[in-house]
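Analysis of the macromolecular model
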Amino acid sequence: MFLSIKERIISLRSTYDIVSPDGKTYTAEKKIFSLFPNLKIVEAGGQQVVNLKGGFALFSQKYDFIFADGRNYHYKTEQRLKPVYKAEGNGETYRLYRHRGVKFSVFNGDKQIAAITKNRLTIGSGNEYQIQINSDADPLIVTAMLLAFNSSKEDDKKGAVSVDVGYMGLEEKHFDTSWQPS
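In what follows, the accompanying structure is described.

On to the overall build of the protein. Within the protein one finds 1 helix and 14 strands. Taken over C-alpha atoms, the radius of gyration comes to 15 Å for the protein, in line with the 16 Å a tight globule of 182 residues would show. Projected onto its principal axes, the C-alpha coordinates of the protein cover approximately 40 × 40 × 35 Å. The buried share among the 182 residues of the protein stands at 45%. Excluding contacts between residues fewer than 6 apart, the proportion of contacts in the protein whose partners are at least 24 apart in sequence is 42%. Carbon and sulfur atoms provide 53% of the accessible area of the protein, an area that totals close to 9,200 Å².

A few words on the nonpolar core. Ile41, Leu52, Phe65, Tyr75 and Ile131 are the most contacted members of the largest nonpolar core, which has 38 residues in total. Leu52 has contacts with Pro37, Asn38, Leu39, Ile41, Tyr63, Asp64, Phe65, Ala144, Leu147 and Ala148, leaving out every residue within four places of it along the chain.

Quick look at the environment of Ser182 now. By the element assignment, Ser182 lies in the segment after β14 (159-163). Here Ser182 falls in the exposed class, since its relative accessible area comes to 55%. Along the primary structure Ser182 and Phe59 are separated by 123 residues, whereas in three dimensions their C-alpha atoms are 36 Å apart. Leave out the neighbours within four places in its chain, and Ser182 touches Asn134 and Ser135.

Here we come to the sheet that holds strand β1 (residues 2-7). Sheets are built from strands that pair by backbone hydrogen bonding, the pairs being arranged parallel or antiparallel. With antiparallel pairing, 12 strands are arranged side by side around a closed barrel as β1-β2-β3-β4-β5-β6-β7-β8-β9-β10-β11-β13. Averaged over all neighbouring strand pairs, the angle between strand axes comes to 20°, with direction disregarded. Pairing analysis gives 5 bridges linking strand β6 (residues 62-67) to strand β7 (residues 72-79), with the strands arranged antiparallel. Counted as the bridge partner of Phe65 is Tyr73 from β7.

Another aspect to go through is the pattern of salt bridges. Counted by the stated rule, this structure contains 8 salt bridges. Across the pair Arg8 and Asp17 runs a salt bridge whose closest N-O atoms are separated by 2.8 Å. For Arg8, a relative accessible area of 36% gives the class partly exposed. For Lys86, the salt bridge is made with Glu88, and the minimal N-O distance between the two is 3.6 Å. Residues joined by salt bridges that share partners form a network here, namely Glu78, Lys86, Glu88 and Arg95.

What counts and how
Residues numbered from 1 in each chain as written. Predicted model: local features only at pLDDT ≥ 70, side-chain atom pairs only at ≥ 80, totals over all residues. Heavy atoms only, no water. Helix = DSSP H or I, 4+ residues; strand = E, 2+ residues; numbered from the N terminus. Rg over C-alpha atoms; globule rule 2.2 N^0.38 Å. Buried < 20%, exposed > 50% of the residue type's maximum accessible area, 1.4 Å probe, protein only. Contact = heavy atoms within 4.5 Å. Areas by Shrake-Rupley, 256 points an atom, 1.4 Å probe, with all protein chains shown as cover. Core = buried A, V, L, I, M, F, W, Y, C linked by side-chain atoms within 4.5 Å. Pairing = 2+ DSSP bridges. Axes fitted to C-alpha atoms, helices over the stretch in contact; angles between N-to-C directions. Salt bridge = Lys/Arg side-chain N within 4 Å of Asp/Glu carboxyl O.

This is the structure in structure tokens:
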């Protein structure tokens with residue numbers, strides 16, 4: 001199953017178009033004038049489904065994901081040297097691992113639930129993420145984690161055309177090229 005997140009090329013604020021594996025469409029927008037990052041994910045009918053509230057964190061990322069269904073997750077940088085980001089809440093722990101190049105993976109506990117590839121060539125603000133995701137995984141938590149990452153790490157990389165050579169540092173886990181969604 002595939003999930004797609006595309007940042008709009010030209011926008012006053014960071015705006016994303018999201019298509020979930022079941023065909024539902026969402027839009028996410030970042031507030032323009034806010035002391036801390038704040039994004040809202042809204043379904044096509046205008047109903048807010050997730051609020052991502054950023055907080056102060058020196059040299060790291062810190063967000064609270066507040067879902068309309070009552071779930072809450074606390075997202076933060078777990079490791080900086082080997083980039084790992086953790087979302088914890090409701091008895092679950094998700095981790096977003098950054099790999100060399102333009103690859104990421106998401107785990108729920110010890111089980112991989114998603115493999116992610118980011119575009120290398122970006123026009124304007126147009127970051128794109130193509131995600132292979134398990135059928136039983138929650139696409140909104142994966143989306144929230146990627147939006148928090150992109151909002152904190154990729155928002156300042158805006159130009160007419162840019163080429164992302166990818167991440168070249170240390171990694172906690174190697175990207176599993178043989179992984180397939182279930």
